[in-house]
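If you want the building blocks of each chain, they are given just below.
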Amino acid sequence: MASDADFMARALELAERGRGFVTPNPRVGAVLVRNGLIVAEGWHKVFGGPHAEVECLRDAEARGVAVAGAAMYVTLEPCNHFGKTPPCSRTLLESGVSRVVIGCLDPNPVAGGGLDLLRQGGLDVTIGVLEQECRDAIADFMIYKTQGRPAVTLKLAMTLDGRIASRTGDSGWVSCEASRRRVHALRASVQAVMVGGGTLRADNPRLTHRLEPDHALAGNPQPLAVVVTRRLPAADAPLALVRERPEALVILTGAAQAASAAGKGLAKLGVRLYGLPEAPDGSLALLPGLTRLREEAGVYTILCEGGGGLAGTLVGQGLADELALFYAPKVLADDRARAGFSGLAVPCMADAAGFRFCAVTRVGEDILATLRPLAVAGQLASQHP
Ligand SMILES: NC(=O)c1ccc[n+]([C@@H]2O[C@H](COP(=O)([O-])OP(=O)(O)OC[C@H]3O[C@@H](n4cnc5c(N)ncnc54)[C@H](OP(=O)(O)O)[C@@H]3O)[C@@H](O)[C@H]2O)c1
């Protein structure tokens, strides 16, 4: 017989369908269960649209399913405030469901409190089913809500020995076509794509999403391009980002470089330059740049596509919130091939940055491993009784 966790797992799958459509809202899914069977499903489909619980109740109505006495499973605590839509906690009380199973509490103080209302209304409420997975589903939301910076997903395509390019810098292609298509969908679901100066010079990327016209995310706006470099390109450099999309380009650089003649030349083209302070190790401190991207450029989620130097610095500065590592079934075994993560000096294994695997899935010939840091800054401790 299916368990609470099985039903919540389905609600989580549904929540994921909102990726790329609901930002800056969280992704939420819900299922309605009667006599041990899922009889209706819903998820938050679009920013400003009905919440998952309402979508689920509408699905029940469309299917002619009775709601009274059924159980609603929802990945996030039902909201308790009038925002763009009325409070879901009241809608649930009025719907006649007798039980509500909640994955995790809402960290947003404005929206939270639905749990109390449901209990006061006499409903049987269970909380904390697949709690970690449900928190992971809203991890990006929690970061831009509580830390005022975009959530960073770091994507790398690597060989089995952790290399992202050969010794000559050749990286076309490490991963299979299906993985590369998946990356374009990731680009279409964020507001910015970021690379380091090495990748800018080696690959001359556009950093746009290029999806088949019938892909659900194909109509999403193109992400901003963000490059981290102290070696500013010349305003007439033969770089696609400078030539074709200067208004969509933000360069995170040193304060001196931002104010230099080269910086001014780029600014004239419409390129935005954010001068950053230095971290104790002499690298640029990326947090102020990310904060400005959130405040000034409307970036809630950012996809970092490497290379190894930028990946290393993000991990070192505790800013890699999610890793999306595509492992191709290839081995270079070349000490001079480019490493997926580089630039840190860590003498002891005990000091390695720690991550946990959240999902491992097959994508074409590759494996996609999704990981999150062991210590998540800004994550609220569990507060439920
Ligand atoms: N397979 C993949 O998924 C993948 C993805 C991307 C790239 N690649 C490959 O990787 C290679 C490039 O790797 P890479 O490690 O050289 O490049 P990278 O990480 O793109 O660039 C490293 C550079 O970024 C700048 N940088 C990053 N973080 C910084 C910080 N905190 N402070 C100051 N500067 C910072 C520095 O730029 P400046 O030196 O410019 O000041 C640094 O030298 C290329 O061959 C490319 O094809 C592969």
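All figures in this text were calculated on a predicted structure; none of them were measured in a lab.

> An account of the packing of aromatic side chains is requested, with residue identities and associated values reported.
Under the counting rule described, the total for this entry stands at three aromatic pairs. Judged by centre distance (5.9 Å) and plane angle (85°), the rings of Phe-141 and Tyr-144 are edge-to-face. In this pair, Phe-141 and Tyr-144 both sit in helix H6 (residues 139-146), three residues apart, roughly one turn of the helix. Residue classification places Phe-141 among the buried residues on the basis of a relative accessible area of 3%.

> How would you sum up the sheet that holds strand S12 (residues 301-304)? Please name residues and give values.
With respect to topology, nine strands assemble into an open sheet ordered S11-S10-S9-S8-S12-S6-S13-S16-S15, the strand pairing being mixed. The open sheet terminates on both sides in strands that have one partner only, identified here as strand S11 (272-276) and strand S15 (355-363). Across the sheet, the axes of successive neighbouring strands diverge by a mean angle of 20°, strand direction being ignored. Note: strand S8 (residues 192-196) against S12, three bridges, orientation parallel. Paired with Ala-192 across the two strands is Ile-302, which belongs to S12. In this fold helix H12 (residues 286-297) packs onto strand S6 (151-158), strand S9 (224-228), strand S10 (249-254), S11 and S12, with an angle of close to 145° to the strand it touches most, S11.

> Requested: an account of unusual backbone geometry, with residues and values cited.
Cis peptide bonds are those with omega within 30 degrees of zero, and the linkage from Thr-23 to Pro-24 qualifies with 10°. The peptide bond linking Gly-172 to Trp-173 adopts the cis configuration, its omega dihedral lying at -5°. Of note in this structure, Leu-130 is not a glycine but carries a positive phi near 50°. The residue Leu-130 is located in the loop between strand S5 (124-127) and helix H5 (131-137) in this model.

> Summarise the domain arrangement of the protein; cite the residues concerned and give the values.
One can read the domain layout of the protein as domain 1 (4-137) and domain 2 (143-373). One C-alpha centre belongs to domain 1, the other to domain 2; they are set 34 Å apart. Domain 1 puts nine residues into the contact, and the matching count from domain 2 is twelve residues. Taking both sides of the interface into account, the surface hidden between domain 1 and domain 2 amounts to around 920 Å²; carbon and sulfur atoms contribute 52%. In this structure, the connection of domain 1 to domain 2 is made through two salt bridges. For the pair domain 1 and domain 2, the number of links is five residue pairs in polar contact (both at pLDDT 80 or more).

> Explain the site of the ligand residue by residue, including any values.
Around the ligand, 30 residues are found, and the nearest of them are Thr-199, Asp-203, Thr-229, Leu-284 and Leu-310. The contact in question runs from an oxygen atom of the ligand to an N or O atom on the backbone of Gly-308, over 3.2 Å. Backbone polar atom of Gly-309 to an oxygen atom of the ligand: 2.8 Å apart, as the coordinates give it. In isolation the ligand has 920 Å² of accessible area, and contact with the protein removes 86% of it. In this structure, the ligand is accommodated by the largest pocket.

> Give a detailed account of the packing of helix H2 (residues 52-63) against helix H3 (residues 88-95), specifying residues and quantitative values.
Viewed as axis vectors pointing N to C, H2 and H3 meet at an angle of 30°, and their least axial separation amounts to 9 Å. Taken as axis vectors, H2 and H3 run roughly parallel relative to one another. The handedness of the crossing between H2 and H3 comes out as left-handed. Contacts from Glu-53, Val-54 and Leu-57 in H2 reach Cys-88, Thr-91, Leu-92 and Ser-95 in H3. Here the residues of the contact of H2 with H3 sort into four nonpolar, two polar and one charged.

> I'd like a rundown of the layout of surface pockets, residues and numbers included.
Its volume calculated, the largest pocket comes out at about 1400 Å³. Those elements that provide at least two residues to the lining of the largest pocket are S6, strand S7 (163-165), helix H7 (177-188), S8, helix H8 (197-203), helix H13 (308-316) and strand S14 (338-339). Broken down by element, the lining of the largest pocket gets its largest block of residues, six residues, from H8. Split into classes, the residues belonging to the lining of the largest pocket amount to 17 nonpolar, 20 polar and twelve charged. Roughly 880 Å³ of internal volume is contained in the second largest pocket. Secondary-structure elements contributing two or more residues to the lining of the second largest pocket are helix H1 (4-16), H5, H7, strand S13 (322-327), S15 and strand S16 (366-373). It is S15 that provides the largest number of residues to the lining of the second largest pocket, a total of seven residues. Classifying every residue of the lining of the second largest pocket by side-chain character gives twelve nonpolar, five polar and eleven charged. No fewer than three residues from each of domain 1 (4-137) and domain 2 (143-373) sit in the lining of the second largest pocket.

How each quantity is defined
Residues numbered from 1 in each chain as written. Predicted model: local features only at pLDDT ≥ 70, side-chain atom pairs only at ≥ 80, totals over all residues. Heavy atoms only, no water. Phe/Tyr/Trp six-rings, centres within 6.5 Å; stacked < 30°, edge-to-face > 60°. Helix = DSSP H or I, 4+ residues; strand = E, 2+ residues; numbered from the N terminus. Buried < 20%, exposed > 50% of the residue type's maximum accessible area, 1.4 Å probe, protein only. Pairing = 2+ DSSP bridges. Axes fitted to C-alpha atoms, helices over the stretch in contact; angles between N-to-C directions. Contact = heavy atoms within 4.5 Å. Domains from an automatic or database assignment. Buried area = accessible area lost by both parts, 1.4 Å probe. Salt bridge = Lys/Arg side-chain N within 4 Å of Asp/Glu carboxyl O. Polar contact = N/O pair within 3.5 Å; in protein donor to acceptor, adjacent residues only side chain to side chain. Near = heavy atom within 4 Å. Areas by Shrake-Rupley, 256 points an atom, 1.4 Å probe, with all protein chains shown as cover. 1 Å grid on protein atoms, 1.4 Å probe; cavity = no way out; pocket = protein on both sides within 12 Å on 5 of 7 lines; lining within 4 Å. Sits in = over half its atoms within 2 Å of the grid points. Parallel < 35°, antiparallel > 145°, perpendicular 65-115°, else oblique. Left-handed = near helix turned anticlockwise from the far one by under 90°. Nonpolar A, V, L, I, M, F, W, Y, C, P; charged D, E, K, R; others polar. Points joined across faces, edges and corners; volume = space filled by probe spheres on them.

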